[in-house]
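Chain residues, written in single-letter form:
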Amino acid sequence: MSVETNFQTEQSALIGKKVVIIGGAGFIGHNMALKMKSLGVEVAVIDSLGVNNYYAIERERYTNPNGEVYLNFIKQRMNLLHQAQVPFIEADARDYHALSEALEDLNPDYIVHLAAVSHANRSNKDPYSTFDHSLRTLENALDASRSTRLNVQRFVYFSSSMVYGTFADGIVDEETTCNPMGIYGALKFAGEKMVIAYNQVFDLPYTIVRPSALYGERCVSRRVGQALIENALRGNTLTINGDGTDCLDFTYIQDLVGGVIAALASPDAANEVFNLTYGQGRSLNEMVEIIREHFPGVEVRHNDRDSLMPERGTLSVEKAKSLIGYRPSHPLDVGFVDYINWYKDNWASFIGANTDPEDGQVVYLKRRAWA
């Protein structure tokens, strides 16, 4: 039986299974929830909406030039989850009792843990908050997951390519020694060690995922591709840190989502670590050239390179391809072009849409039963 055929057979076993995504109203989580729901998985979301989400951006809506747009991105996320009948619990994962109660209420077969501060620069500037929202939430989720009142079959932890630090040879695989730089990478690596320790002590099965340079619809994190597109749409000068030769393994969100579903579907993913990226490093200059094709005449300015950003490149995905049938299908020339077109098609509506919090885009999803 081929890897692809085996994956399709295993994926069918997820139908009717219960998956809870902690931090699931964010960029990665809502896309994952929508895809899982479309496949027949019983998926639910727990999120405080406070970290890089509705409440944080609402507070900044008048000082952040993109605040209005990002509130509408989040409103669209919530509307899509509502339309798909994905149950949502508004709870702060830093609150052990609230999180435990929510998980016991939902009784999942699988838990995907996304709750964290997802910005390296913000982490370096505010390490206490990063610890609070990253390691504290993870410890709570792990401890609740080992409860005898639950029957968690797998705990999926989202780590980062930043755990590797500088890629010595321009490419890394899961056996490469990790040497993270800065607060963000260090906490992600510490999180991996916590997950592995809970498996050692309590026999909690896990899968660790290492994504890289994500991009895609309804992101509000101002990742590099998003910042370039938005500046181009506004007619602003594009800003690149360094000379543009830095390479990143840019990964379209739907490729990552497909990889996580493949990992959940496969028993071979238990107690394993996977790079889930496109599997090809591309330079910032290549990304800028794609922008120029769609926004002729755009100007580019180069700033000093951030000394705390490691030099990266390609993350090998051969292990994920071999073990779980992972097949990313969006190289930068395809996925980033789709992302640009989505922005062009929706920019005017996001600029002019109503972001009044009284219209109910958040509160109508506060419920506890499976849809």
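Quantities reported herein were computed from a predicted structural model and do not represent experimental measurements.

So, how was this worked out
- Residues numbered from 1 in each chain as written.
- Predicted model: local features only at pLDDT ≥ 70, side-chain atom pairs only at ≥ 80, totals over all residues.
- Heavy atoms only, no water.
- Helix = DSSP H or I, 4+ residues; strand = E, 2+ residues; numbered from the N terminus.
- Expected span 1.5 Å × (residues − 1).
- Buried < 20%, exposed > 50% of the residue type's maximum accessible area, 1.4 Å probe, protein only.
- Contact = heavy atoms within 4.5 Å.
- Axes fitted to C-alpha atoms, helices over the stretch in contact; angles between N-to-C directions.
- Parallel < 35°, antiparallel > 145°, perpendicular 65-115°, else oblique.
- Left-handed = near helix turned anticlockwise from the far one by under 90°.
- Nonpolar A, V, L, I, M, F, W, Y, C, P; charged D, E, K, R; others polar.
- Salt bridge = Lys/Arg side-chain N within 4 Å of Asp/Glu carboxyl O.
- Right-handed = clockwise from strand over helix to strand, strands pointing away.
- Pairing = 2+ DSSP bridges.
- Core = buried A, V, L, I, M, F, W, Y, C linked by side-chain atoms within 4.5 Å.

Visitor: Can you help me understand helix α8 (residues 182–202) in this one?
Guide: Because an α-helix packs 3.6 residues into every turn, residues spaced three or four apart end up facing the same way. With 21 residues, α8 should cover 30 Å at 1.5 Å per step; its first-to-last C-alpha distance of 30 Å lies within 8% of that length. Within α8, the full set of buried residues consists of Y184, G185, L187, K188, G191, E192, V195, Y198 and N199. Next to the buried residues of α8 lie α6 (120–125), α7 (127–145), β5 (154–158) and β7 (206–210). The positive-phi residue at the C-terminal boundary of α8 is D203, with phi of around 60°.

Visitor: Help me out: how do you make sense of the packing of helix α9 (residues 224–234) against helix α11 (residues 284–294) in this one?
Guide: Angle between the axes and distance between the axes: these two values describe a pair of packed helices. Here α9 crosses α11 at 30°, and the two axes come no closer than 11 Å. In terms of orientation, α9 and α11 fall into the roughly parallel class. Of the two possible hands of crossing, α9 and α11 adopt the one that is right-handed. Contact residues: V224, G225, L228, I229 and A232 in α9; L284, M287, V288 and I291 in α11. Residue composition of the contact of α9 with α11, grouped by class: eight nonpolar, one polar and no charged.

Visitor: Where do I start with the pattern of salt bridges in this structure?
Guide: Side-chain pairing between opposite charges can occur once the charged atoms of the two side chains come close. Scanning all chains against the criterion turns up 15 salt bridges. Here R61 and E58 are joined by a salt bridge, their closest N and O atoms 3.8 Å apart. When the shortest N-O distance is used, the salt bridge between D246 and R305 registers 2.7 Å. Within this pair, whereas D246 is found in the loop between β9 (238–241) and β10 (247–248), its partner R305 is found in the loop between β14 (300–303) and β15 (314–315), the two being separated by 59 residues in sequence.

Visitor: Help me understand the pairing of strand β1 (residues 18–22) in this model?
Guide: The side chains of a regular strand alternate between both faces of the sheet. In terms of burial, β1 is a largely internal element, four of the five residues being buried. Handedness of the crossover joining β1 and strand β2 (residues 42–47) through helix α2 (residues 27–38): right-handed. Across four bridges, β1 lies against strand β4 (residues 110–113) in parallel orientation. Bridging from a neighbouring strand, V20 pairs with I111 of β4.

Visitor: How do you make sense of the nonpolar core when you look at a structure like this?
Guide: A general feature of soluble globular proteins is that nonpolar side chains tend to end up buried together. Grouped together as the largest cluster of nonpolar side chains are 74 residues, with contacts concentrated most on F158, I291 and F336. Residue contacts for I291: discarding those within four places in its chain leaves L228, I229, A232, L238, V298, F336 and I340.

Visitor: Looking at this structure, how should I read the sheet that holds β1?
Guide: Within a sheet, neighbouring strands are paired by backbone hydrogen bonds and run either parallel or antiparallel to one another. Spatially, β3-β2-β1-β4-β5-β7-β12 is the arrangement adopted by the seven strands of the open sheet, whose pairing is parallel. Of all strands in the sheet, those with a lone pairing partner are β3 (88–90) and β12 (272–275), marking the two edges. Strand-to-strand twist in this sheet, taken as the mean axis angle between neighbours without regard to direction, amounts to 15°. By the bridge criterion, three bridges tie β2 to β3 in an arrangement that is parallel. The residue of β3 that forms the bridge with D47 is E90.

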